[in-house]
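Commentary on secondary and tertiary structure
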Amino acid sequence: MMKNKHGYFRFSLIAVLILALVGCSSAATDSEGSTGENGKVVLEYYTWTDEEAYMQKVIEAFNAQNSNIEVHMNTISNNANEYNTQIMNNLSGGSKMDVYSVNGTTSLGLFSSKNQLLDLTDRVKEDNLDVSAYGPSFQEISEVLTEGKYYALPYRTSQYALFYNKALFDAQGIPYPEQLTWEEYAELAKSLTKGEGADKQWGGYYADWIISPLGAIQQGTTILDDSLAPIEEWMNYLDRLYYQDQSHMSYKQMNAESIDWIKQFENGNVAIMVNGEWTVNMLKADIEAGKTDIEFDMAPLPLPEGTSDPITVGGVSTYMGINPASKNVDAAYEFVKFVTGEEGESVIAEASVLPAYSSDATKEAFLNATGLEGSGYFFESNTLVEMPPIAKIDQVYNLYSEQLDLFLFQEQDAAQAIQNFQAERSSVLN
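Note that the structure is a prediction, hence the values are computed from the model and not measured.

**Comments concerning the side chain of Ser158**
Assignment of secondary structure puts Ser158 in strand 4 (residues 153-165). Its relative accessible area of 16% is what places Ser158 among the buried residues. Setting aside anything within four residues of it in sequence, one finds Ser158 in contact with Glu277, Trp278, Val313, Gly314, Gly315, Ser317 and Thr383.

If you want it as structure tokens, here you go:
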């Protein structure tokens, strides 16, 4: 009897211990979040569809290096409003979303202000991450928009440059452009303009959706300044390109005919074109798809008179952050750190996508991918923020865009446009 009693006791004790261990294991799993069949922590990452092709390669590189973490990508429509709405729904609806991409500085301000991004500041400082590699624009955005805190880290940046069709320069025996002033740009565009109708060759192309006053920003002016004289001057410069010199397709024509800017360049109708870094990937994709056989390269963005060092406009534009409600915060941070660090950014650069992290390694990867001698300029220029990082900047830019639109449709002069804008801006900011 005693023996059986002790045996029962031992069995009961073992059973209790097993149940306790199972309970601890279950609790640990619940606190850490979802795990896969292989015992790995599974991270649910969300981004928009345009990011899928190259981000999948980054994810594969990360997964290959981490035996205990597996990242799964989910994509949402490219439409900015639809994407942000879906992310908001995920954040408020108990989704298992751990990590998500943030499209633009305005969205960064939106999500961080609503406490929908985990504060990474202490982690970044403890790991001594080199945030200077993201350039001064990231510091300015962090200081102004998020009061010096890091709620997300950038993995893409945007910059404007000058793209040119090499064949059109060769045909006229004109040397390829290097660093130009805006005055030199205007004269070059005029010299490259010829023909009529279907045979028209535009010397330059300045897309109707480029709202930011690039030349004024290069001088240190923003649309928030008290004095907007440089912006008024820039508006008159655009009038010169579109209507006085007639070296660019006019603003009216671009709007009336819903012109596809990339096709104009690819079809050989345009010699030089101001546009963003995304142009490299778009052109390369169309060349590989057999849609065009254009031979192109790029040069620095033209500069205001009296400026010598290359200055472009743009800044860090795409970020990655963590859902504060994630049960996999530590693993999520490892993924964010990888993507926005030199190794992950090099994988991004290998897809001809301009990385936010600037180093010899990412520059080499980008140059090798693009095959463009001029693409090194992106890593050498000083980049000024395109849109000042304040809460109501979208509203202010919309007001500026409306007045610029009336001016470029020749319904008012530049002085009246600036006066109207300043009055409307005051009502919004006050």
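**As for the confidence of the model for the chain**
In the predicted model, the chain carries a mean pLDDT of 90, and 91% of its residues have values of at least 70. Note on residues 1-32: pLDDT under 50 across the span, and six contacts to partners over four residues away in sequence or across chains.

**Notes on unusual backbone geometry**
Of note, Ser258 is a non-glycine position whose phi angle comes to about 45°, a positive value. The class of Ser258 is exposed, set by a relative accessible area of 63%.

**Observations concerning helix 16 (residues 360-370)**
Within helix 16, burial applies to Thr362, Ala365, Phe366, Ala369 and Thr370. Angular distribution of buried residues about the axis of helix 16 spans 120°; they occupy a single face of the element. In helix 16, the exposed positions angled more than 90 degrees off the buried face are occupied by Asp360, Glu364 and Asn368. Those residues of helix 16 hidden inside the fold are in contact with helix 13 (278-288) and helix 15 (342-349). Positive backbone phi, approximately 70°, marks Gly371, located one or two places after helix 16.

**Examining the pattern of salt bridges**
Under the criterion given, the structure shown has 12 salt bridges. A salt bridge links Arg123 to Asp330, with the shortest nitrogen-to-oxygen separation between them at 3.1 Å. Of this pair, Arg123 sits in helix 5 (residues 121-126) while Asp330 sits in helix 14 (residues 329-339); the two residues are 207 residues apart in sequence, bridging distant segments of the chain. In this structure Asp330 comes out as partly exposed when scored by relative accessible area, which is 48%. A salt bridge links Glu187 to Lys190, with the nearest nitrogen and oxygen atoms 3.8 Å apart.

**A look at helix 8 (residues 182-191)**
Think of an α-helix as 3.6 residues a turn; residues three or four steps apart then line up on the same face. Those residues of helix 8 lying buried are Trp182, Tyr185, Ala186, Leu188 and Ala189. For helix 8, the angular spread of the buried residues around the axis is 165°, confining them to a single face.

**Overview of the environment of Asp260**
By the secondary structure assignment, Asp260 is in the loop between helix 11 (251-257) and helix 12 (261-266). Overall, Asp260 belongs to the partly exposed group, its relative accessible area being 35%. Placed 53 residues apart in sequence, Asp260 and Ala207 show a C-alpha to C-alpha distance of 9.3 Å. Within polar-contact distance, the side chain of Asp260 engages the backbone nitrogen of Ile262 at 3.2 Å.

**With respect to the packing of aromatic side chains**
Here the structure, examined in full by the defined rule, presents 27 aromatic pairs. For the pair Trp48 and Tyr83, a centre-to-centre distance of 5.0 Å together with 85° between the ring planes defines the contact as edge-to-face. Placement of Trp48 in strand 1 (residues 41-48) and of Tyr83 in helix 3 (residues 80-92) is noted, with a sequence separation of 35 residues between them. Taking relative accessible area as the criterion, Trp48 reaches 6% and is therefore assigned buried. Pairing Trp182 with Trp234 gives two aromatic rings, centres 4.9 Å apart and planes at 75°, and the pair type is edge-to-face. Of the two residues, Trp182 sits in helix 8 while Trp234 sits in helix 10 (residues 229-244), which places them 52 residues apart along the sequence. Both residues of the pair, Trp182 and Trp234, count as buried. Within the aromatic cluster, the residues linked to one another by ring pairs are Trp182, Tyr185, Tyr206, Trp234 and Tyr237. A cation over an aromatic ring shows up here: Arg123 above the ring of Tyr333, its NZ or CZ 5.3 Å from the ring centre.

**Quick notes on the environment of Gln65**
Position of Gln65 among the secondary structure elements: in helix 2 (residues 52-65). With relative accessibility at 46%, the residue Gln65 sits in the partly exposed group. When near neighbours in sequence (up to four residues on either side) are disregarded, Gln65 contacts Phe338 and Glu343. Only 2.4 Å separates the side chain of Gln65 from the side chain of Glu343, close enough to count as a polar contact.

Calculation criteria
- Residues numbered from 1 in each chain as written.
- Predicted model: local features only at pLDDT ≥ 70, side-chain atom pairs only at ≥ 80, totals over all residues.
- Heavy atoms only, no water.
- Helix = DSSP H or I, 4+ residues; strand = E, 2+ residues; numbered from the N terminus.
- Buried < 20%, exposed > 50% of the residue type's maximum accessible area, 1.4 Å probe, protein only.
- Contact = heavy atoms within 4.5 Å.
- pLDDT = per-residue confidence, 0-100.
- Arc of directions from axis to C-beta.
- Salt bridge = Lys/Arg side-chain N within 4 Å of Asp/Glu carboxyl O.
- Polar contact = N/O pair within 3.5 Å; in protein donor to acceptor, adjacent residues only side chain to side chain.
- Phe/Tyr/Trp six-rings, centres within 6.5 Å; stacked < 30°, edge-to-face > 60°.
- Lys NZ or Arg CZ within 6 Å of the ring centre and 35° of its normal.

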